[in-house]
Amino acid sequence: MKQIRIGTLVGGGDAVRVLPQILPHGFESFSLTFWQSTNGLDLSETAKRVKEILAEKGVPISSLGIFGNPLTGEGDNADTLASWERLIDHAHEFGTDLVAGFTGRMPGTIDDSLPRYTEVFGELAKRAADKGVKLAFENCDMGGTWESGDWNIAHNPTAWERMFNALPAENIGLQWEPTHQMVSLIDPIPQLRKWVGKIFNVHGKDATIAWDVVREYGIHGPKPFVWHRTPGFGDTNWTDVISILRQHGYEGSIDIEGWHDPVYRDDWEMTGQVHALNYLKNCRGGDFIPNPS
């Protein structure tokens with residue numbers, strides 16, 4: 001029986017050190033992530049050691065992630081595009097068929113970035129398809145808007161329509177989480193129903209919206225109106241999220257993206273993450289129980 005796994009994100013360069021420490025907590029998958037570059041890491045050797053660590057419990061790597069700007073390749077992003085290529089080429093060694101990250105962005109509006117996006121990811125999509133790999137874009141705005149930004153164009157549903165129309169590759173989709181829509185005051189549930197067929201992976205991160213602050217001060221005032229939260233501490237109905245995913249045949253994972261919660265952080269980070277792990281397991285109905293024969 002296929003089960004939606006509940007996992008967490010781990011830095012790819014720290015995986016060999018961190019995985020043995022958190023594996024006993026009961027995470028069912030791991031997404032290995034890199035910031036801007038794979039930093040000269042021997043991916044084949046890392047994959048070998050990671051698989052050895054996870055073999056005893058049979059826990060898979062759900063995805064590899066590279067988060068930078070592959071469209072400009074400027075400054076610290078000089079290796080980002082090459083890192084996409086490396087992760088695509090090595091994904092099978094980790095036992096995954098999914099590589100995720102930001103689209104990147106050119107100066108100007110989202111529309112101004114579409115030609116370069118289509119050029120870069122047209123080639124990456126072909127490279128990935130040849131290796132049986134899918135590509136997914138996290139829906140994080142990274143402080144950008146429709147008019148400007150430095151990292152990612154895939155944070156708005158209108159942008160998704162234009163991206164997928166410009167490059168209609170079946171192996172390109174979304175790494176979706178409700179948080180990044182809630183910070184824009186978008187209701188994630190109707191969006192999920194509409195876009196679930198393009199969602200290849202889900203990040204387990206939530207948000208709390210202070211509607212009293214919004215009503216009194218608006219969203220451009222001096223007081224914060226929204227916070228990223230670990231699942232179980234935010235506003236999202238994860239039972240609804242998982243039900244919608246299941247209704248549409250989703251068999252991937254929900255990987256908790258920690259290190260953002262303003263309360264369960266620092267010494268309380270793993271306390272919050274393990275709470276989220278157990279909370280999300282309960283939201284999916286707990287462990288699978290077979291019917292009487």
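As the structure is a computational prediction, the values presented were derived from the model and not from experiment. Residue positions are counted from 1 within each chain, in the order its sequence is given. Two thresholds apply to this predicted model, a pLDDT of at least 70 for residue-level local features and 80 or more for giving and counting side-chain atom pairs, whereas whole-chain, interface and lining totals are computed over all residues. No hydrogens and no water enter the side-chain calculation; it runs on all heavy atoms of the structure.

Here's the deal with the layout of surface pockets
For cavity detection a 1 Å grid was placed over the protein atoms alone, and a set of points counts as a cavity when a 1.4 Å probe fits there but cannot get out; an open set counts as a pocket when protein lies on both sides within 12 Å along at least five of seven lines, with lining residues being those that have an atom within 4 Å of a point. Grid points are joined across faces, edges and corners, and a volume is the space filled by probe spheres set on the points. Roughly 570 Å³ of internal volume is contained in the largest pocket. If you trace the largest pocket, you find 25 residues lining it, with Leu9, Val10, Gly11, Thr33 and Trp259 closest to the centre. By definition, any uninterrupted DSSP run of H or I lasting at least four residues is a helix, any uninterrupted run of E lasting at least two residues is a strand, and each is numbered from the N terminus. Counting residues per element, the ones that place at least two in the lining of the largest pocket are strand 1 (5-11), helix 1 (15-22), strand 2 (30-35) and helix 10 (269-283). Charged means Asp, Glu, Lys or Arg here, nonpolar means Ala, Val, Leu, Ile, Met, Phe, Trp, Tyr, Cys or Pro, and polar covers whatever is left, Gly included. Residue classes in the lining of the largest pocket are distributed as 12 nonpolar, 9 polar and 4 charged. Approximately 480 Å³ is the volume attributed to the second largest pocket. For the second largest pocket, the lining is made up of 22 residues, of which Asp97, Phe200, Glu251, Gly252 and Ser253 are closest to its centre. Elements represented by at least two residues in the lining of the second largest pocket include exactly strand 3 (61-67) and strand 7 (199-204). Per element, the largest residue contribution to the lining of the second largest pocket is 3 residues, and it comes from strand 7. Each residue belonging to the lining of the second largest pocket can be placed in one class, and the counts come to 7 nonpolar, 10 polar and 5 charged.

Some words on the packing of helix 2 (residues 43-55) against helix 3 (residues 80-94)
Their axes nearest at 9 Å, the elements helix 2 and helix 3 cross at an angle of 30°. As the angle between them shows, helix 2 and helix 3 are arranged roughly parallel. Between helix 2 and helix 3 the crossing geometry is right-handed. Note on element contacts: helix 3 touches helix 2 through Arg86, Leu87, His90, Glu93 and Phe94, opposite Leu43, Ser44, Thr46, Ala47 and Lys51. Helix axes are fitted only over the stretch in contact, all axes being lines through C-alpha atoms; the angle between N-to-C directions runs from 0 to 180 degrees. Angular relationships are summarised with four words: roughly parallel below 35 degrees, roughly antiparallel beyond 145, roughly perpendicular across 65 to 115, and oblique for the angles in between. For a crossing to be left-handed, the near helix must be turned anticlockwise from the far one by less than a right angle; the clockwise case is right-handed. Between two residues, a contact is recorded if the distance between any of their heavy atoms is within 4.5 Å.

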